[in-house]
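Understanding the architecture of this molecule
Residue-level listing of the chains:
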Amino acid sequence: MSRIVVGEDEGEVLDIELEESIVKRNMMLADENRRILDDNRVRAIDVMGATGSGKTTLILQVCRRLKAKYRIAVIKGDLTSSIDSDIILKEGILSIQVNTGRECHLDASQIRRALEKLDLSNLDLIFIENVGNLICPAEFPLGSHKRIVVVSVTEGPYTVVKHPFMFMDADIVVINKMDLAEAMKVDPDKLLQDVRSINPKAYVVKARCRDGVGVDEVIHALGL
Ligand code: MG
Ligand code: ZN
């Protein structure tokens, strides 16, 4: 049977202008965030990926290793819960919860409000954990210096090819839960090839964040 496709250019046209202005406004605010961060010599790292991919665990492991060397804060985006920021706080690391309500991504204005609540002159590093979502965070830069995308083998074999925009701008891609690859019948090398073909410049780390495996490599890739 032949394939029937409805292309993106055939969709709703009414929203396009509105959407463009939202994206443009976000871009301006992201540039402002970057300026604020740079003025205060704070580096920000955006961590994206699906719910359950291991974003919080990665941030936690990285913070554990770096907290003696850098002054760190975590900004955590979620629809309504504060589960993740509580985990970070328990570790003795400053954490700000941003609840997005029904929004499936963080935007630059929310990050701006979070930055206003932080004493930036007393910080070196900020990790931003985005809402668990592999689609719109790609369109909403936050002003961060580096972007990490975490993909778990438990998401199946097609996560990368199905979300090209997410991986296109990533500086670092973490292929997580490597110990479960065999059970999931997912080939991590295929995921790695998929990343390479979309974004040859991305630094790819195979990891088991829960056990701390690959975490030092991520830190190295971040230049920290
Ligand atoms: Mg999380
Ligand atoms: Zn969204």
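Please read these numbers as outputs of a predicted model, since none were measured by experiment. (Residues numbered from 1 in each chain as written. Chains lettered and ligands numbered in written order. Predicted model: local features only at pLDDT ≥ 70, side-chain atom pairs only at ≥ 80, totals over all residues. Heavy atoms only, no water.)

1. Observations concerning the pattern of salt bridges
The line we're drawing: What counts as a salt bridge is simple: a side-chain nitrogen of Lys or Arg found within 4 Å of a carboxyl oxygen of Asp or Glu. The buried label applies to any residue whose accessible area, calculated with a 1.4 Å probe on protein chains only, is under 20% of its type's maximum; exposed applies above 50%, and partly exposed to all values in between. Helical segments are the DSSP runs of H or I of at least four residues, strand segments are the runs of E of at least two, and each set is numbered from the N terminus.
Scanning the model with the defined rule gives 12 salt bridges in all. Here aspartate 78 ties to lysine 76 by a salt bridge, and the two come within 3.3 Å at their closest N and O atoms. Note on accessibility: aspartate 78 and lysine 76 belong to one class, buried. Glutamate 116 is the salt-bridge partner of arginine 112, the closest N and O atoms lying 3.5 Å from each other. One end of the pair, arginine 112, and the other, glutamate 116, are both in helix H4 (residues 108-116), four residues apart, so they sit about a helical turn from each other. One salt-bridge network, held together by shared partners, links Lys76, Asp78, Asp84 and Glu129.

2. A look at H4
Under the convention used in this document: Arc definition: it is the arc formed by the directions from the helix axis to the C-beta atoms.
All of the buried residues in H4 are Ala108, Gln110, Ile111, Ala114 and Leu115. Here the buried residues of H4 occupy an arc of 155° about the axis, which is enough to place them on one side. In H4, the exposed residues that point more than 90 degrees away from the buried face are Arg113 and Glu116.

3. Quick notes on the sheet that holds strand E2 (residues 72-78)
The condition is simple: One requirement defines pairing of two strands: DSSP has to find at least two bridges between them. In this description, a line fitted to the C-alpha atoms serves as the axis of each element, helices being fitted only across the stretch in contact, and the angle between N-to-C directions of two axes falls anywhere from 0 to 180 degrees. Contacts are assigned to residue pairs that have any heavy atoms within 4.5 Å of one another.
The strand order across the open sheet formed by seven strands is E3-E2-E4-E1-E5-E6-E7, and the pairing between neighbours is parallel. The open sheet has two free edges, formed respectively by strand E3 (94-99) and strand E7 (203-206), since each of these has just one partner strand. Pairs of neighbouring strands in the sheet enclose a mean axial angle of 20°, with direction left out of account. Bridge count between strand E1 (residues 43-49) and strand E4 (residues 125-129): five bridges; the pairing is parallel. Residue pairing in the sheet places arginine 43 in a bridge with leucine 125 of E4. Strands E1, E2, E4, strand E5 (146-152) and strand E6 (172-176) of the sheet are contacted by helix H2 (residues 55-66), whose axis makes an angle of about 170° with E4. Where helix H8 (residues 188-198) meets the sheet, it contacts E6 and E7, and its direction lies at approximately 170° from that of E7.

4. Details of unusual backbone geometry
If you check the backbone angles, arginine 41 has positive phi at about 50° while not being a glycine. Checked against the element boundaries, arginine 41 lands in the loop between helix H1 (16-39) and E1. With a phi close to 55°, lysine 185 is a non-glycine residue in the positive phi region. Tracing the backbone shows lysine 185 in the loop between helix H7 (181-184) and H8. Look at lysine 185 and you get exposed, because its relative accessible area is 75%.

5. A look at the state of the cysteines
What counts is decided by this rule: A pair of sulfur atoms, both from cysteines and within 2.5 Å, is called a disulfide here.
Within this structure, the stated rule accounts for zero disulfides. As a non-bridged cysteine, cysteine 209 has cysteine 63 as the owner of its nearest cysteine sulfur, 12 Å distant.

6. Re the coordination of the magnesium ion (ligand 1)
Ideal donor angles around a metal are set by the shape: a four-donor tetrahedron calls for 109.5 degrees, a six-donor octahedron for 90 or 180 degrees. Applied cut-off: Listed donor atoms are N, O and S within 2.8 Å of the metal (Na, K and Ca: 3.2 Å). As water is not included, a site may look incomplete.
Protein ligation of the magnesium ion (ligand 1) involves Thr56 (OG1), Asp84 (OD) and Glu129 (OE), the donor distances falling in the range 2.0 to 2.1 Å. Coordination of the magnesium ion (ligand 1) draws on donor residues from a single chain, spaced T-x27-D-x44-E in sequence. Here threonine 56 is found in helix H2, whereas its partner glutamate 129 is found in strand E4, with 73 residues between them in sequence. Across this residue pair, the class does not change: threonine 56 and glutamate 129 are buried.

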